[in-house]
Amino acid sequence: MTDSILTVIVREKNKTLFNGSAKSITSTNEKGRFDILPMHTNFVSIVHEVLELIKPDNSIHKIPIQRGILRIKENNVEVYIGL
């Protein structure tokens, strides 16, 4: 794992929606849109609307969400949606 890549897993109650790498993540919380880049500080937030993942090949993977919780720690991002 390099410092320029995030390891991401996005889960619903009964299935995994994404399990892989991303260069960045964009989402929305109560303060507005925000981005997560590699080496982001440890962070936990309630998120809503959409997760936009920029994958290493620069393709965009969008996951619509109503509500979820996002946690980043040491370039590992976990998102649990449908809470």
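Reading the values: the criteria
- One numbering rule holds for all chains: residues counted from 1, following each sequence as written.
- For a predicted model such as this one, the threshold for reporting local features is a pLDDT of at least 70, and the threshold for listing and counting side-chain atom pairs is 80 or more; totals across whole chains, interfaces and linings nevertheless cover every residue.
- Remark: hydrogens and water are excluded; side-chain values derive from all non-hydrogen atoms of the structure.
- By the criteria applied, helices consist of DSSP H or I runs no shorter than four residues and strands consist of E runs no shorter than two, each listed in order from the N terminus.
- When we talk radius of gyration, it's over C-alpha atoms, and the globule rule is simply 2.2 Å times the number of residues to the 0.38.
- Working definition: with a 1.4 Å probe on protein chains only, accessible area under 20% of the residue-type maximum means buried, over 50% means exposed, and in between means partly exposed.
- Only the protein chains shown count as cover for residues, and all accessible areas are computed by the Shrake-Rupley method using a 1.4 Å probe.
- Residues scored as positive are Lys and Arg, those scored as negative are Asp and Glu, and His as well as the terminal groups of each chain are ignored.
- To locate a charge, take NZ of a lysine, CZ of an arginine, CG of an aspartate or CD of a glutamate.
- The contact criterion used is simple: two residues touch if any of their non-hydrogen atoms lie within 4.5 Å.

Draft legend 1. Inspection of the overall build of the chain at higher detail. The number of helices and strands found in the chain is zero helices and seven strands. Listing the helices and strands of the chain from first to last along the sequence gives β-β-β-β-β-β-β. The globule rule puts the C-alpha radius of gyration for 83 residues at 12 Å, and the 12 Å found for the chain is close to it. When the backbone C-alpha atoms are referred to their principal axes, the chain occupies close to 30 × 25 × 20 Å. For the chain, with 83 residues in total, the buried portion stands at 36%. Counting only carbon and sulfur atoms, one obtains 49% of the accessible surface of the chain, whose full area is about 5200 Å². Placing the 11 positive and 9 negative side-chain charges of the chain at their respective mean positions leaves the two points 5 Å apart.

Draft legend 2. The arrangement of the environment of I54 in detail. Among the secondary structure elements, I54 is positioned in strand β5 (residues 43-54). Taking relative accessible area as the criterion, I54 reaches 22% and is therefore assigned partly exposed. For the pair formed by I54 and I25, sequence separation is 29 residues and the distance between their alpha carbons is 6.4 Å. Leave out the neighbours within four places in its chain, and I54 touches A22, K23, S24, S59 and I60.

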